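Structural overview
So the chains spell out like this:
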Amino acid sequence: MAIKENHRHVGRDGMVYMPYLHEWGAQTHDLRELCVWMSSLFGSEPPCYARPAGAPRVSAASNVAASYGSRPPAYAQATQSTTNTYSPYVAASNNSNNRSREAEEQERRKQQQIEKEVAEANLAAKIAREESLKEAKLKAEQSRLQKDHEEKLSSMRVMATSKVEYELQVVFRDAKDDLRVTLKNQKLLDYGKEEIQQLLKEGEERKEELMALNDEMDVAVKKLEGWLVAAETQQQQECENGNNDSSSQSSKVDQIALPVDTHSSQMLQLAAENAAIDDCFYFLDQSLAQKNIPLKVFLEEVRKLSKRQFTVKAHLIKIRDAKASNPFDG
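Residues numbered from 1 in each chain as written. Predicted model: local features only at pLDDT ≥ 70, side-chain atom pairs only at ≥ 80, totals over all residues. Heavy atoms only, no water.

A look at the overall build of the chain
For the chain, the count of helices and strands is 9 helices and 2 strands. The helix and strand sequence of the chain, counted from the amino end, reads β-α-α-β-α-α-α-α-α-α-α. Among the 330 residues that make up the chain, the fraction classed as buried is 17%. Of the roughly 25,600 Å² of accessible surface on the chain, a fraction of 56% belongs to carbon and sulfur atoms. (Helix = DSSP H or I, 4+ residues; strand = E, 2+ residues; numbered from the N terminus. Buried < 20%, exposed > 50% of the residue type's maximum accessible area, 1.4 Å probe, protein only. Areas by Shrake-Rupley, 256 points an atom, 1.4 Å probe, with all protein chains shown as cover.)

What to know about the pattern of salt bridges
Taken as a whole, this structure holds 10 salt bridges when the rule is applied. Taking the shortest distance from any N to any O, the salt bridge between Arg 109 and Glu 105 comes out at 3.5 Å. With Arg 109 and Glu 105 both in helix H6 (residues 97–241) and 4 residues apart, this pair spans about one turn of that helix. For Arg 109, a relative accessible area of 53% translates into the label exposed. For Glu 105, a relative accessible area of 29% translates into the label partly exposed. The salt bridge partner of Arg 308 is Glu 273, with a shortest N-O separation of 2.5 Å. In this pair, Arg 308 is assigned in helix H9 (residues 295–325) and Glu 273 in helix H8 (residues 262–289), connecting sequence segments 35 residues apart. One salt-bridge network, in which partners are shared between bridges, spans Glu 105, Arg 108 and Arg 109. (Salt bridge = Lys/Arg side-chain N within 4 Å of Asp/Glu carboxyl O.)

Here we look at the nonpolar core
Core analysis: the largest hydrophobic core is formed by 11 residues, namely Val 10, Met 18, Tyr 20, Leu 34, Trp 37, Leu 41, Phe 42, Ile 114, Val 118, Ala 121 and Ala 125. Of all the secondary-structure elements, those providing two or more residues to this core are helix H2 (31–44) and H6. Among residues more than four places away in sequence, those in contact with Leu 41 are His 9, Met 18 and Glu 117. (Core = buried A, V, L, I, M, F, W, Y, C linked by side-chain atoms within 4.5 Å. Contact = heavy atoms within 4.5 Å.)

Quick notes on a negative patch on the surface
A contiguous patch of negative charge on the surface is contributed by Glu 202, Glu 204, Glu 205 and Glu 208. Along the chain, Glu 208 turns up in helix H6. (Patch = residues over 30% accessible without salt bridge, like charges linked within 9 Å, V, L, I, M, F, W, Y side chains within 5 Å. Lys, Arg positive; Asp, Glu negative; His and termini not counted. Charge placed at Lys NZ, Arg CZ, Asp CG, Glu CD.)

Quick notes on the packing of aromatic side chains
In this structure the tally under the stated criterion is 3 aromatic pairs. Ring geometry for Tyr 20 versus Trp 24: centroids 5.8 Å apart, planes at 85 degrees, classification edge-to-face. On the basis of relative accessible area, Tyr 20 is assigned to the buried category, the value being 3%. We classify Trp 24 as partly exposed; its relative accessible area is 39%. Ring geometry for Tyr 282 against Phe 283: centres 5.4 Å apart, planes inclined by 75 degrees, an arrangement best described as edge-to-face. Taking the relative accessible area as the measure of exposure, Tyr 282 reaches 49% and is therefore partly exposed. Exposure remark for Phe 283: the relative accessible area of 55% places this residue in the exposed category. Through a chain of ring-to-ring contacts, three or more aromatic side chains come together here, namely Tyr 20, Trp 24 and Trp 37. (Phe/Tyr/Trp six-rings, centres within 6.5 Å; stacked < 30°, edge-to-face > 60°.)

Examining a nonpolar patch on the surface
The grouping of Val 164, Leu 168, Val 171 and Phe 172 at the surface amounts to a nonpolar patch, some 380 Å² of accessible area in total. When you line up the elements, Val 164 lands in helix H6.

Details of the packing of H8 against H9
Look at H8 against H9: their axes get within 9 Å of each other, and the N-to-C directions meet at 160 degrees. Overall, the two elements H8 and H9 adopt an arrangement that is roughly antiparallel. H8 and H9 meet at a crossing whose hand is left-handed. (Axes fitted to C-alpha atoms, helices over the stretch in contact; angles between N-to-C directions. Parallel < 35°, antiparallel > 145°, perpendicular 65-115°, else oblique. Left-handed = near helix turned anticlockwise from the far one by under 90°.)

What about the confidence of the model for the chain?
Per-residue pLDDT for the chain averages 79, and the proportion of residues at 70 or more is 79%. In the model, residues 60–96 has pLDDT below 50 throughout and makes 45 contacts with residues more than four positions away in sequence or in other chains. (pLDDT = per-residue confidence, 0-100.)

Looking at H8
For H8, with 28 residues, the first-to-last C-alpha span of 41 Å sits near the 40 Å given by 1.5 Å per residue. Three or more residues of H8 are buried, namely His 263, Ser 264, Leu 270, Asn 274, Ile 277 and Leu 284. Turning to H8, the residues buried within the fold contact H9. Phi turns positive, to about 60 degrees, at Lys 291, one or two residues after H8. (Expected span 1.5 Å × (residues − 1).)

A closer look at the side chain of Glu 33
Positionally, Glu 33 belongs in helix H2. Beyond its immediate stretch of four places on either side in the chain, Glu 33 contacts Tyr 20, Thr 28, Ala 125, Ala 128 and Arg 129.

Quick look at H2
An ideal rise of 1.5 Å per residue puts 20 Å on 14 residues; H2 measures up with 20 Å between its terminal C-alpha atoms. Here H2 has its buried residues at Glu 33, Leu 34, Trp 37, Leu 41 and Phe 42. Looking straight down H2, one finds that the buried residues subtend no more than 155 degrees of arc, so they occupy a single side. Across from the buried face of H2, at angles greater than 90 degrees, the exposed residues are Cys 35, Ser 39 and Gly 43. (Arc of directions from axis to C-beta.)

Written as structure tokens, this is what we have:
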């Protein structure tokens, strides 16, 4: 393989000369667009060809490198240098004017071809830049949509979490209230159960007491019936004997209620005195109504009798309490 001589974009030393490289800028140019340019230019005009067998190897890379230095020359200078150095038509133009005009025409056509290729390369580079911008915009839009989607998901997640927490709080609060009410009712039921058991126990005790009193009452009734039978028998005997004088009648009345012990005797006397005081109150009231006594005398007598009746009743209450506390004490 050999590099084509007088190529518009590649020198004999292999250095590439292109407008894109000549106008290179770090902010506006990149390697991808450079590859597009090179693909477009070298596709229309390949810089290499197959060298015939036995052809001499001609190299001018050292001369070109010495003339241009380490940095690539400007595109116009590189094109002119390549044309002046390696073009085979320079020597032919000195011998023939026709040959020179043909070279100029060919150069003009090459220049037009270069301009056309430059325009195509610029168009391809512009399309590449637009595609790159579209891709960048698409990525940015996708990133923005992804971010919006994540934000929406996050907000929905927060809303769902707060709603679930609220519902759980409501359920827990209702359950707590129900449990509190249930415990309160349970306590009331336990207290009521204890009261019922206590009442049942007291009822059983009261029942036993009443049964005992009933038995005592039966015994007393039997004694009273026996006493009545004896009294009736005695009365019949006295009637048969003809003892009907007033003294015997009064003695019979006094013997209707006979105290059997000291307390009973005191209670009988006090009860009789209380009844007598009530009778006095009655007759004093009748006398005052009939104006047989003055009001002053009535009030004095009522005051005296009231004091005496209060003392009698208090004495009766004490005797009753003492007898109830010790019924067998005579």
